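Structural overview
The chain contents come next:
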Amino acid sequence: PEGLDFTGVDRIALVGCGTAHLAGHVAKYWFERLAGLPCDIDVASEFRYREPPLSDKSWFIAISQSGETADTLAALHYAKDRVARTVGLVNVGTSAIARDSDVALPTLAGIEVSVASSKAFTCQLTVLAILALKAARDRGRIDDVQLAGHLADLRAVPGLLQQALNLSDDCRALSEWLGQAQDVLYLGRGALYPVALEGALKLKELSYIHAEGYASGELKHGPIALIDRDLPVIVLAPHDALFDKTVSNMQEVMARHGQILLVSDQAGIAAGGEGVHATLRLPSGGGAFQPILYAIPMQYLAYHTAVAKGTDVDQPRNLAKSVTVE
């Protein structure tokens, strides 16, 4: 789109609430790794109150399904005269954030009735992935051949998602185990860390079970104190360059009788699945865009656990689809 040339951009501020914020958190890894572009990720309710320094070479990206989220809209208004470009990433093209942004990018997710965001998250990630690739090409970090490779990975994701949808029955079988837990811990590394946060958020929203997402390497810095035989630990670990480190963290959990659910691909389960409580096998592929794929079983686990506990999946207590007040 016109106005989206990343050549002179020196920093991006990514802002959203809840699941939209976590989509931005994943995108931070993509922008920094692929495009070499520093990113700040903020929850919208904190952004303007910490009075972040913004430059006339920086961009502000507001992420919101409804485009009416009060905190995100207020953050956009704070940034508007302080940055070179404001971008609204929204599902509703006529919304306030779309109108007030310099550039509005539609996620085209369609109407999502459930309060808990699922397909909106997938579509936000997809648009952010394309933006990160555009930034990488504009800034000369990748050439046309590398761009084609990344686009091939991204185009492969819908087919991989179709395979991931077949995990519904496996997730339903695990829901009774998860539904008995008081607490659940989610672990991930790299761009899978925000997906662990999203998995924990979904379980909290839908089933009312306390859950936390952590970067796997942070396990020894506090959460390991919680580990016992009653704590399910869900580990997102594709067989990639970080896999061996994650397996080391898993072994620390199992040594303390923690119950591991390993979410990985065939190679990862073969290499690290021994001794775990259960596994969920995802297809390999997707390159840098695997987080889109790994979100699916996180959504399924939350959904089936909520159904098993008898909670209202579409209308969780105390929540609204669009938060239009601070």
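Overview of the structure.

This part covers the sheet that holds strand β4 (residues 85–90). A sheet is described by the order of its strands in space; here five strands give the open sequence β2-β1-β3-β4-β5, paired in parallel fashion. In this open sheet, the two edge strands, each paired with only one partner strand, are β2 (39–43) and β5 (103–106). Averaged over all neighbouring strand pairs, the angle between strand axes comes to 20 degrees, with direction disregarded. With five bridges connecting them, strand β1 (residues 11–16) and strand β3 (residues 58–64) associate as parallel partners. For A13, the partnering residue across the bridge sits in β3 and is F60. Sheet contacts for helix α1 (residues 19–35): β1, β2 and β3; angle to β2, the most-contacted strand, approximately 170 degrees.

Right, let's talk about the pattern of salt bridges for a bit. A side chain with one charge can pair with a side chain of the opposite charge if their charged atoms come near. One pass over the full model with this rule turns up nine salt bridges. Of the charged contacts in the structure, one is a salt bridge between E32 and K28, with a shortest N-O distance of 3.0 Å. On the criterion of helical spacing, the pair formed by E32 and K28 is a turn pair, its members being four residues apart in helix α1. Residue D102 pairs with K80 through a salt bridge whose shortest N-O separation is 3.1 Å. Placement of D102 in the loop between α4 (96–100) and β5 and of K80 in the loop between α3 (70–79) and β4 is noted, with a sequence separation of 22 residues between them. Here D102 falls in the partly exposed class, since its relative accessible area comes to 39%.

Further remarks concern the packing of aromatic side chains. Geometrically, a pair of aromatic rings is defined through the distance of the ring centres and the angle of the planes. Counted under the stated rule, the structure contains five aromatic pairs. Relative to F31, the ring of F6 has its centre 6.2 Å away and its plane inclined at 40 degrees; by these criteria the two rings are tilted. Of this pair, F6 sits in the segment before β1 while F31 sits in helix α1, placing them 25 residues apart in sequence. Note on accessibility: F6 and F31 belong to one class, buried. Ring centres of F6 and W59 lie 4.5 Å apart, and the angle between their planes is 40 degrees; on these two criteria the pair is classed as tilted. Taken together, the residues span a long stretch of sequence, with F6 in the segment before β1 and W59 in strand β3 at a distance of 53 residues. One aromatic cluster is present, built from ring pairs that chain together F6, F31 and W59. Just above the ring of Y78 sits the side chain of R82; from NZ or CZ to the centre is 3.9 Å. R317 extends its terminal NZ or CZ atom over the ring of Y208, reaching a point 3.8 Å from the ring centre.

As a further point, take unusual backbone geometry. Notably, L108 is not glycine yet its phi reads approximately 60 degrees, a positive angle. For L108, the position within the fold is in the loop between β5 and α5 (119–138). Note on L108: relative accessible area 72%, which makes it exposed. With a phi angle near 65 degrees, Y208 is a residue other than glycine that sits in the positive phi range. Note that Y208 resides in the loop between α8 (192–207) and β7 (210–215).

Attention now moves to the packing of α5 against helix α6 (residues 144–164). Between α5 and α6, the shortest axis-to-axis distance is 10 Å and the interhelical angle comes to 170 degrees. On the basis of the axis angle, α5 is roughly antiparallel to α6. In contact with T122, A129, I130, L133 and R137 of α5, α6 contributes D144, L147, H150, L151, L154 and L161. Split into classes, the residues belonging to the contact of α5 with α6 amount to seven nonpolar, two polar and two charged.

Applying the stated criterion across every chain yields a total of zero disulfides. As a non-bridged cysteine, C39 has C17 as the owner of its nearest cysteine sulfur, 18 Å distant. Since its relative accessible area comes to 2%, C39 is described here as buried. For the unlinked cysteine C123, the closest cysteine sulfur is that of C17, found at 19 Å.

It is worth spelling out the side chain of T86 at this point. Within the secondary structure, T86 sits in strand β4. On the accessibility criterion, T86 (0% relative accessible area) is buried. Non-local contacts of T86, meaning those with residues more than four positions away in its chain, are made with F60, L76, K80, D100, S101, D102 and V103.

What counts and what doesn't
- All chains use their own residue numbering, which begins from 1 and follows the written sequence.
- Only residues with pLDDT of at least 70 are given local features in this predicted model, and only at 80 or more are side-chain atom pairs given and counted; all residues enter the totals for whole chains, interfaces and linings.
- Working from all heavy atoms in the structure, the side-chain values ignore hydrogens and water.
- Only strands joined by at least two bridges in the DSSP assignment are considered to pair.
- What counts as a helix is a DSSP run of H or I of at least four residues, what counts as a strand is a run of E of at least two, and both are numbered from the N terminus.
- Note on method: axes are straight lines fitted to C-alpha atoms, helices fitted across the in-contact stretch only, with angles between N-to-C directions ranging 0 to 180 degrees.
- For this analysis, residues touch if any pair of their heavy atoms sits within 4.5 Å.
- Every case where a carboxyl oxygen of Asp or Glu lies within 4 Å of a side-chain nitrogen of Lys or Arg is listed as a salt bridge.
- Note on exposure labels: buried denotes an accessible area under 20% of the residue type's maximum, exposed denotes more than 50%, and partly exposed covers the range between, all computed with a 1.4 Å probe on protein chains only.
- Here is the rule: rings of Phe, Tyr and Trp (six-membered ring for Trp) pair when centre to centre is within 6.5 Å. Planes less than 30 degrees apart are stacked, more than 60 are edge-to-face, and the remainder are tilted.
- Ring-over charges, as used throughout, are those where CZ of Arg or NZ of Lys falls within 6 Å of the ring centre and within 35 degrees of the ring normal.
- What sets the label is the angle itself: under 35 degrees gives roughly parallel, over 145 gives roughly antiparallel, 65 to 115 gives roughly perpendicular, and the rest give oblique.
- Amino acids outside the nonpolar list (Ala, Val, Leu, Ile, Met, Phe, Trp, Tyr, Cys, Pro) and the charged list (Asp, Glu, Lys, Arg) are all regarded as polar, and Gly is one of them.
- For the purposes of this analysis, a disulfide is any pair of cysteine sulfur atoms at a distance within 2.5 Å.

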